[in-house]
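# Secondary and tertiary structure notes
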Amino acid sequence: MALTARDALAARLRAGGSVFAEDEADLLLAAGDGDPGRLRGLVQRRIAGEPLEYVLGWAAFDGHRVRVTPGVFVPRARTRAVVVQAARRLQQYDRVVDLCCGAGAIGLALLERIGPLDLVAADIDPDATDVAAENLGDRGIVVTGDLFAPLPTRFRGAVDVVAVNAPYVPTVAITTMPSEARDHEHRVALDGGVDGLDLHRRIAAEAGDWLRPGGAVVIEVSADQASASAELFRAAGLDVEIARDDEVDGSCVVATLPD
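Computed from a predicted model, the values in this text were never measured in an experiment.

## A look at the side chain of asparagine 165
- Mapped onto the fold, asparagine 165 is located in the loop between β6 (159–164) and α8 (179–182).
- For asparagine 165, the side chain forms a polar contact with the side chain of threonine 79, separated by 3.4 Å.
- The contact partners of asparagine 165, leaving out residues within four places of it in the chain, are Phe73, Thr79, Leu99, Cys100, Ile106 and Glu220.

## Side note on the nonpolar core
- Among the nonpolar cores identified, the biggest contains 36 residues, and Leu110, Leu117, Ala163 and Val218 are the most heavily contacted of them.
- Only β1 (58–61), α5 (80–87), α6 (105–114), β4 (118–123), α7 (126–136), β6, β7 (211–221) and β9 (250–256) provide two or more residues apiece to this core.
- With 7 residues, α6 is the single largest residue contributor to this core.
- Within the second largest apolar cluster, 31 residues are counted, among which are Leu99, Leu147, Ala204 and Ala207.

## A short note on the environment of valine 68
- Along the chain, valine 68 turns up in the loop between β2 (64–67) and α5.
- Taking the relative accessible area as the measure of exposure, valine 68 reaches 1% and is therefore buried.
- Sequence separation of valine 68 and glycine 250 is 182 residues, and the distance between their C-alpha atoms is 21 Å.
- In contact with valine 68, not counting residues within four places along its chain, are Glu53, Tyr54, Gly57, Trp58, Ala59, Phe73, Pro75, Ala103 and Val131.

## Structural notes on the sheet that holds β7
- Spatial strand order, β5-β4-β3-β6-β7-β9-β8: 7 strands in an open sheet with mixed pairing. Here the strands that pair on one side only, and so sit at the sheet edges, are β5 (141–144) and β8 (239–245). Looking at each pair of strands side by side, their axes are set apart by 20° on average, direction ignored.
- Pairing of β7 with β9, which is carried by 6 bridges, proceeds in the antiparallel orientation.

## Some words on the pairing of β9
- The element β9 is extensively covered by neighbouring structure, given that 6 of its 7 residues are classed as buried.
- The sheet contact formed by β8 and β9 spans 7 bridges and is antiparallel. Bridge pairing in β9 links glutamate 241 to valine 254.
- Between β8 and β9, which pair antiparallel one after the other, the connecting turn spans 4 residues, and aspartate 249 there sits at a positive phi close to 55°.

## Description of the pattern of salt bridges
- This model, assessed by the stated rule, comprises 24 salt bridges.
- Taken together, the shared-partner salt bridges connect Glu24, Arg46 and Glu180 into one network.

## Quick word on the packing of aromatic side chains
- Taken as a whole, this structure holds 1 aromatic pair when the rule is applied.
- Relative to tryptophan 210, the ring of phenylalanine 148 has its centre 5.9 Å away and its plane inclined at 10°; by these criteria the two rings are stacked. Taken together, the residues span a long stretch of sequence, with phenylalanine 148 in the loop between β5 and β6 and tryptophan 210 in the loop between α9 (198–207) and β7 at a distance of 62 residues. Considered together, phenylalanine 148 and tryptophan 210 belong to a single accessibility category, that of buried residues.
- Above the face of the tryptophan 210 ring, arginine 156 is positioned so that its terminal group lies 4.3 Å from the ring centre.

## Topic: the pairing of β5
- Where β4 and β5 come together, 4 bridges link them in parallel fashion. When the sheet's bridge partners are listed, alanine 121 is paired in β5 with valine 142.
- With α7 bridging β4 and the parallel β5, this β-α-β connection has right-handed handedness.

## A few points about the packing of helix α1 (residues 5–15) against helix α2 (residues 21–32)
- Between α1 and α2, whose axes approach to 8 Å, the crossing angle comes to 120°. For the element pair α1 / α2, the angle class is oblique. The handedness of the crossing between α1 and α2 is right-handed. Residues Arg6, Leu9, Ala10, Leu13 and Arg14 of α1 form the contact with α2, whose participating residues are Ala21, Glu22, Glu24, Ala25, Asp26, Leu28 and Leu29.
- Per-class residue counts for the contact of α1 with α2 are 7 nonpolar, no polar and 5 charged.

## A look at the side chain of asparagine 135
- With respect to the helices and strands, the residue asparagine 135 is situated in helix α7.
- Relative accessible area serves as the criterion here: at 15%, asparagine 135 is assigned to the buried category.
- One polar contact links the side chain of asparagine 135 to the main-chain carbonyl oxygen of alanine 103, over a distance of 2.8 Å.
- Excluding its chain neighbours within four sequence positions, the residues that come into contact with asparagine 135 are Val66, Arg67, Ala103 and Leu108.

## Quick word on α2
- Between the first and last C-alpha of α2 there are 16 Å, a value that for 12 residues agrees with the 16 Å anticipated at 1.5 Å per step.
- Of the residues making up α2, those classed as buried are Ala21, Glu24, Ala25, Leu28, Ala31 and Gly32. Take α2 and look down its axis: the buried residues cluster within an arc of 130°, on one side only.
- Residues of α2 that are buried make contact with α1, α3 (36–47) and α4 (52–56).
- Just beyond α2, the residue with positive phi is aspartate 33, at close to 55°.

Reading the values: the criteria
Residues numbered from 1 in each chain as written. Predicted model: local features only at pLDDT ≥ 70, side-chain atom pairs only at ≥ 80, totals over all residues. Heavy atoms only, no water. Helix = DSSP H or I, 4+ residues; strand = E, 2+ residues; numbered from the N terminus. Polar contact = N/O pair within 3.5 Å; in protein donor to acceptor, adjacent residues only side chain to side chain. Contact = heavy atoms within 4.5 Å. Core = buried A, V, L, I, M, F, W, Y, C linked by side-chain atoms within 4.5 Å. Buried < 20%, exposed > 50% of the residue type's maximum accessible area, 1.4 Å probe, protein only. Pairing = 2+ DSSP bridges. Axes fitted to C-alpha atoms, helices over the stretch in contact; angles between N-to-C directions. Salt bridge = Lys/Arg side-chain N within 4 Å of Asp/Glu carboxyl O. Phe/Tyr/Trp six-rings, centres within 6.5 Å; stacked < 30°, edge-to-face > 60°. Lys NZ or Arg CZ within 6 Å of the ring centre and 35° of its normal. Right-handed = clockwise from strand over helix to strand, strands pointing away. Parallel < 35°, antiparallel > 145°, perpendicular 65-115°, else oblique. Left-handed = near helix turned anticlockwise from the far one by under 90°. Nonpolar A, V, L, I, M, F, W, Y, C, P; charged D, E, K, R; others polar. Expected span 1.5 Å × (residues − 1). Arc of directions from axis to C-beta.

Shown next as structure tokens:
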């Protein structure tokens with residue numbers, strides 16, 4: 001039986017190391033849009049090792065397509081744990097910060113789940129904030145700078161939820177990450193310092209100045225680091241719990257400013 005174009009493409013992708021070759025073949029064929037030259041270019045990029053999301057120009061997250069460009073952190077399914085915990089603490093028009101926003105995936109997911117929000121997304125990487133601005137459009141404000149520094153002053157002491165996926169990979173562990181991450185995503189989006197918690201320390205120290213009483217930080221962390229991260233926020237005077245989403249293998253610390 002002759003191979004279909006999809007079968008042939010899947011076989012080629014599988015030979016190049018793809019684990020989900022059939023699914024990728026379908027996505028690439030759709031992206032090629034019937035143009036053989038375009039499809040050829042996309043396939044060549046993928047076989048050369050470029051992340052599928054960069055090749056397609058989008059990543060799937062929380063049921064939506066999030067635009068991504070080369071170098072910008074690709075949202076992971078496990079970050080849905082942050083979205084779920086943040087959404088439980090929000091209602092329409094609440095003030096929200098998507099901190100270390102990358103492509104703005106968390107902010108976009110919260111807008112889709114909750115509706116209109118007073119949303120600011122912030123990241124230190126200007127490539128990331130450029131993409132986040134595309135994803136959020138006129139539904140949020142996007143600012144570039146170091147953690148809380150670029151936030152509008154009206155947010156000080158008034159934020160309902162700070163939703164965060166800050167870098168938490170220990171520096172030495174970056175070399176063990178899959179090539180698609182370590183060789184393609186900007187290091188600033190991955191490197192969490194010696195123990196992975198450098199950004200968590202800084203966020204814990206500053207968050208109380210930005211939260212309203214009863215407001216919360218919801219921050220992604222690995223299961224192994226969760227207790228250490230939680231202690232940082234507890235030491236800063238916040239009430240702390242650790243939340244786990246086994247469905248997506250995601251963990252986060254939820255730290256609430258006492259009333």
